[in-house]
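# Structural description and commentary
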Amino acid sequence: MTHALSQFRTEIRHFFLISILNLVFAAIALAFGVQYIVTAILAQGADPAAAGLRILTGAVALVCFGLGIGWILATVRIFEGIVEIKDDLETEGTAIADNRLTCLIVRMLAHYRNNRKTISNMILVCTLGGVCFFVLGIANSVKVLSVSSAGFAVTLDNLLLIPAMLFTLGIALASLLSSYYFSKFAKVWDGRLHEIEISECALKEKLGLEGR
């Protein structure tokens, strides 16, 4: 049970930290989405290439805004259950009784099973959010070079876009990493639920309850 406690505590902490990061980056996604939408609407310029880039940026930003809202709502639902289990686990400490640890593991299994679809949606939202912010990062990198009919030019104002470009690409990377770790977590707990379902079927067969 000592190994089980250590592994369970580690998994809960990792999932807790990933959930917090998702809340933070989801809020940033909303803020950046609004910023890019406003910029795309208010920006002026007669150059067709620049106008086309603004339209593309505005459309992707609108998608990021919607994903940010969905990202927050999905994460909050999962986060609340994880916080309760984590707090109970930390309260018990290392001297937790075996039956109490088993109870918490069962609670986590139930929480995951009840929110399996939500976690799948979180994985999808994180992936789509990462892709969208990657596109925005690339769009910012293009803006660093002034595009006009005369060619390319670099100005001081454009160089100031570099921090925003790097930050946007950082959000994209964090989103894709979150998707990866959520997928890894889901795979582990899906395997555990599958083992339980197999045991339940075996028990029903022995009790003659199969098919009832």
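Computed from a prediction, not measured in an experiment: that's the story for all the values here.

To continue, consider the overall build of the protein. Helix and strand counts for the protein come out as six helices and two strands. Across the protein, helices and strands are ordered from the amino to the carboxyl terminus as α-α-α-α-β-β-α-α. Evaluated residue by residue, the protein yields a buried proportion of 35% over its 212 residues. Sequence-distant contacts in the protein: of pairs separated by 6 or more residues, those separated by 24 or more amount to 82%. Of the roughly 12,100 Å² of accessible surface on the protein, a fraction of 68% belongs to carbon and sulfur atoms.

Turning to the packing of aromatic side chains, a few remarks are in order. Going through the model one piece at a time under the given rule, you end up with six aromatic pairs. Measuring from ring centre to ring centre gives 6.2 Å for Y112 and F185, while their planes differ by 70 degrees; the resulting arrangement is edge-to-face. Here Y112 is found in helix 3 (residues 98-114), whereas its partner F185 is found in helix 6 (residues 162-207), with 73 residues between them in sequence. Taken individually, Y112 and F185 each receive the classification buried, so the pair is uniform in this respect. Ring centres of F185 and W189 lie 5.8 Å apart, and the angle between their planes is 35 degrees; on these two criteria the pair is classed as tilted. Highlighted residues: F185 and W189, both in helix 6, separated by four residues, approximately one helical turn. With respect to burial, F185 and W189 carry one shared label: buried. Lying across the ring of F16, K86 places its NZ or CZ 4.7 Å from the centre. When the ring centre of W189 is taken as origin, the NZ or CZ atom of R192, which lies over that ring, is 4.5 Å away.

A word on the layout of surface pockets. The space that makes up the second largest pocket amounts to roughly 260 Å³. At the level of secondary structure, the elements contributing two or more residues to the lining of the second largest pocket comprise helix 1 (2-42) and helix 6. Per element, the largest residue contribution to the lining of the second largest pocket is five residues, and it comes from helix 6. When the residues that make up the lining of the second largest pocket are grouped by side-chain class, the tally is six nonpolar, one polar and two charged.

All right, on to the environment of I138 then. Here I138 is to be found in helix 4 (residues 116-144). A residue is classified by how much of its surface remains accessible, and I138, at 39% relative accessible area, is partly exposed.

Another point: the pattern of salt bridges. Summed over the entire model, instances satisfying the criterion amount to six salt bridges. For R107, the salt bridge identified is with D88, shortest N-O distance 2.6 Å. With a gap of 19 residues between them, R107 in helix 3 and D88 in helix 2 (residues 48-92) connect regions that are remote in the sequence. The class of R107 is partly exposed, set by a relative accessible area of 27%. Under the relative-accessibility criterion, D88 is labelled partly exposed at 25%. Each of R9, R13 and E90 takes part in salt bridges that share partners, so that together they form one network.

This next bit is on the nonpolar core. Counting residues in each nonpolar core, the largest one holds 43 residues, and the members touching the most others are F8, M108, Y112 and F133. Of all the secondary structure elements, the ones that give two or more residues to this core are helix 1, helix 2, helix 3, helix 4 and helix 6. Ranked by residues supplied to this core, first place goes to helix 1 with eleven residues. Apart from the residues lying within four places of it in its own chain, the contact partners of F133 are A29, F32, C64, T168, I171 and A172.

Right, let's get into a nonpolar patch on the surface. A grouping of L173, L177, Y180 and Y181 is seen on the molecular surface, where their side chains present a nonpolar patch of about 420 Å² in accessible area. Within the element layout of this structure, Y181 appears in helix 6.

Attention now goes to the side chain of K86. On the secondary structure map, K86 appears in helix 2. No salt bridge forms around the buried K86; measuring N to O, its nearest opposite-charge neighbour E90 is 4.5 Å away.

Taken as a whole, the protein shows an average pLDDT of 75; of its residues, 77% reach a score of 70 or greater. Here strand 1 (residues 146-148) stands out as the element of the protein with the lowest mean pLDDT, 50, in contrast to helix 3, whose mean of 86 is the highest.

What counts as what
Residues numbered from 1 in each chain as written. Predicted model: local features only at pLDDT ≥ 70, side-chain atom pairs only at ≥ 80, totals over all residues. Heavy atoms only, no water. Helix = DSSP H or I, 4+ residues; strand = E, 2+ residues; numbered from the N terminus. Buried < 20%, exposed > 50% of the residue type's maximum accessible area, 1.4 Å probe, protein only. Contact = heavy atoms within 4.5 Å. Areas by Shrake-Rupley, 256 points an atom, 1.4 Å probe, with all protein chains shown as cover. Phe/Tyr/Trp six-rings, centres within 6.5 Å; stacked < 30°, edge-to-face > 60°. Lys NZ or Arg CZ within 6 Å of the ring centre and 35° of its normal. 1 Å grid on protein atoms, 1.4 Å probe; cavity = no way out; pocket = protein on both sides within 12 Å on 5 of 7 lines; lining within 4 Å. Points joined across faces, edges and corners; volume = space filled by probe spheres on them. Nonpolar A, V, L, I, M, F, W, Y, C, P; charged D, E, K, R; others polar. Salt bridge = Lys/Arg side-chain N within 4 Å of Asp/Glu carboxyl O. Core = buried A, V, L, I, M, F, W, Y, C linked by side-chain atoms within 4.5 Å. Patch = residues over 30% accessible without salt bridge, like charges linked within 9 Å, V, L, I, M, F, W, Y side chains within 5 Å. Lys, Arg positive; Asp, Glu negative; His and termini not counted. pLDDT = per-residue confidence, 0-100.

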